[in-house]
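Structure assessment
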Amino acid sequence: MPLFGSLYIGASGLQTSQNAMNTTAHNMTNVDTKGYTRQQILLNTRTYQTLSVNASAVAYQQYGLGVYYSQTRQVRDMFLDKTYRKESGRSAFYESNVKVIDEMEDLFGEFQGVEFSESIQNLWKTIQDLDMDPCDMTNQNLLVSRCNEFLKSASLVYKGLCEMQDNLNTQIKKNVDKLNDYGRELVQINQQIMKAEAGNVENANDLRDRRNFILDEMSKIGKISYEEDIYGAVTVKFEGVDFVRTESISEMGVYADPDTGFYTPYWPQLADYNTMPWGEKVPILESSAVFDTTQEIRSSLNTDIGSLRALVYARGNKRATYQDVAKENIEAYNRDISQSLIMNVQAEFDQLVNKVVTAINDVLRQAAESEPDTDYMKAKDENGNVLKDAQGNPIAIQMFELISDDPEKGYTIGNMIVNEDLKREPGTLSFRLKDGSEDKATTARLKAAFSEESHTLNPNLETKVSLIGYYGNLIDQVAITGEANKEISDLQAEVVNETFSAREMIVGVSDSEEMEFMIKFQNAFNASSRYVNVINEMIEHVLSTLGR
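The sections below set out a description of the structure shown in this document.

Taken in spatial order, the three strands line up as S5-S6-S7 in an open sheet, and their pairing is antiparallel. The open sheet has two edge strands with one neighbour each: strand S5 (224–228) and strand S7 (241–244). When the angles between neighbouring strand axes are averaged without regard to direction, this sheet yields 30 degrees.

On to unusual backbone geometry, then. A positive phi is found at Asn302, a non-glycine position, where the angle reads about 55 degrees. Inspection of the secondary structure puts Asn302 in the loop between helix H6 (285–288) and helix H7 (307–315). The phi dihedral of Ser430 is positive, around 60 degrees, even though this residue is not glycine. The topology assignment puts Ser430 in the loop between helix H10 (420–424) and helix H11 (440–451). Note on Ser430: relative accessible area 23%, which makes it partly exposed.

This part is about the nonpolar core. If you look at the biggest cluster of nonpolar residues, it comprises 90 residues, and the most contacted ones within it are Met104, Leu143, Phe238, Phe349, Ile360, Met399 and Leu429. Counting residues per element, this core draws most heavily on helix H4 (residues 137–196), at 20 residues. In this structure Ile360 touches Leu123, Cys147, Met399, Phe400, Leu446 and Phe450, once residues within four positions along its chain are discounted. The next biggest cluster of nonpolar side chains, apart from the first, holds six residues, and it includes Ala320, Val325, Met343 and Ala347.

Quick look at the packing of aromatic side chains now. Any two aromatic rings considered together are summarised by their centre-to-centre distance and by the angle between their planes. Scanning all chains against the criterion turns up nine aromatic pairs. Centre to centre, the rings of Trp124 and Phe450 are 6.1 Å apart; their planes meet at 20 degrees, and the pair counts as stacked. Remark: Phe450 occurs in helix H11 and Trp124 occurs in helix H3 (residues 117–132); sequence separation between them is 326 residues. Look at Trp124 and you get buried, because its relative accessible area is 14%. For the pair Phe238 and Phe243, a centre-to-centre distance of 6.3 Å together with 55 degrees between the ring planes defines the contact as tilted. Aromatic ring contacts, followed pair by pair, group Phe108, Phe349 and Tyr471 into a single cluster. Across from the ring centre of Tyr226, 5.8 Å away, lies the NZ or CZ of Lys82, which sits over that ring.

Another aspect to go through is the packing of helix H2 (residues 78–108) against helix H5 (residues 205–221). Where H2 meets H5, the closest approach of the two axes is 7 Å, and the angle between their N-to-C directions is 40 degrees. Relative to H5, the element H2 lies oblique. Along this stretch, H2 crosses H5, giving a crossing that reads as right-handed. Contacts between H2 and H5 pair Tyr84, Arg85, Ser88, Gly89 and Ala92 from the former with Asn212, Leu215, Asp216, Ser219 and Lys220 from the latter. Each residue belonging to the contact of H2 with H5 can be placed in one class, and the counts come to three nonpolar, four polar and three charged.

Calculation rules
- Residues numbered from 1 in each chain as written.
- Predicted model: local features only at pLDDT ≥ 70, side-chain atom pairs only at ≥ 80, totals over all residues.
- Heavy atoms only, no water.
- Pairing = 2+ DSSP bridges.
- Helix = DSSP H or I, 4+ residues; strand = E, 2+ residues; numbered from the N terminus.
- Axes fitted to C-alpha atoms, helices over the stretch in contact; angles between N-to-C directions.
- Buried < 20%, exposed > 50% of the residue type's maximum accessible area, 1.4 Å probe, protein only.
- Core = buried A, V, L, I, M, F, W, Y, C linked by side-chain atoms within 4.5 Å.
- Contact = heavy atoms within 4.5 Å.
- Phe/Tyr/Trp six-rings, centres within 6.5 Å; stacked < 30°, edge-to-face > 60°.
- Lys NZ or Arg CZ within 6 Å of the ring centre and 35° of its normal.
- Parallel < 35°, antiparallel > 145°, perpendicular 65-115°, else oblique.
- Left-handed = near helix turned anticlockwise from the far one by under 90°.
- Nonpolar A, V, L, I, M, F, W, Y, C, P; charged D, E, K, R; others polar.

This is how it looks when you write it as structure tokens:
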């Protein structure tokens, strides 16, 4: 081996040991940096020089030229990355559901002492008191007052549910905007990584850390799949559709329904459009919507991944009413309503109010029809004349009246008020027959309408409940749904934490481990330094000896 050439071996040891110490110091500096991935250096041997080749020898006569720094790589486990991202997306789905149900429970006030149930309980108690003394003016006044109170309380609850939908709608838009921002940043990072690694000099590890953080965050919004090409660029699919390519992005759009204002995430590049008479192009969502909300929520189908999907499902696509839970609409209910946390409760709650209202109105109508020869329970004009319909039949007094003339809306919350005439003169009810006796039959029917167990919350249930028990069953259903989602959310959080911990054992920086590496590379540096000194002394000795 040439004596002067031996210096290259020591020099290479000094250089690579210094690089290794720099990498270790970089790891220790970022021990608390969020999203940082531990870096590891790879060393390789330089080319060997062949002195002679002898076929009879065991090996060629060669000498090495030392070691060189190959690359600094990130220490990651692809399997744990994909597992963590999938499970964190599933966890985000159920966390979003839990938050929605918590808000719903707060809205109904069952756990804060302000209970909607008070209004229906007060109405029920008034009906019981009225049954004991139908002709008492106080009881008649109280019945009208309680009906008005019940309707106002119901309107506030339903309005609260609608506001929850509007809040979720805002969150949907924010999630889509955040996803698009991440996508645009990924494209920029792809370009920077390809530029930095074009010469195969080093890996752009800090850029890769940011990219991995973005992929973690995107996985919480929805189901993603991704792969890295040979140039170091990552392509991403969101819900199975190309989202980020090497140097471009297909941004997700949102279509605002003109009636509800609800945003529907869709893919503009996949959409067909209808042109409105005024020239506006409207996307056909059936072919381009990001989520098919008719799909059953099931882990085996991976339809329970991502906060964006959870928000879209929970909000629903409209303000649901009692008509959506009618038995004749069971197919539409199962397809469109049942899986939406808010729409399902909206429809069932509106059905309760509708049943209470129609029950009271029906009893009053029967009372009018049972006394055809008197003005009892019949509506009158300002002159006291009995009002008649188009067929000439007397019109019965109604406790609740429709605001809109649209028959399709029916007695739904927001489309009815308490009869203004009854509010001014509750004594119009009288509950007194033409012979002067108390109309016990009508108050008994009113009482029976509330106590008979003949109602179900939705068309999929068989258990019959009374109007008094209906609300309790509705609250129980919300609580059970909340507990189920909370249990899944807690279990999912444990899975995410365990996966995160397993991943951190690989990608995380350990002070003690890095200190061991620092000592090892420091010793290697010292050894190379001593080697150089020895070679230097040998060269000096040879030169000084030959020079004599």
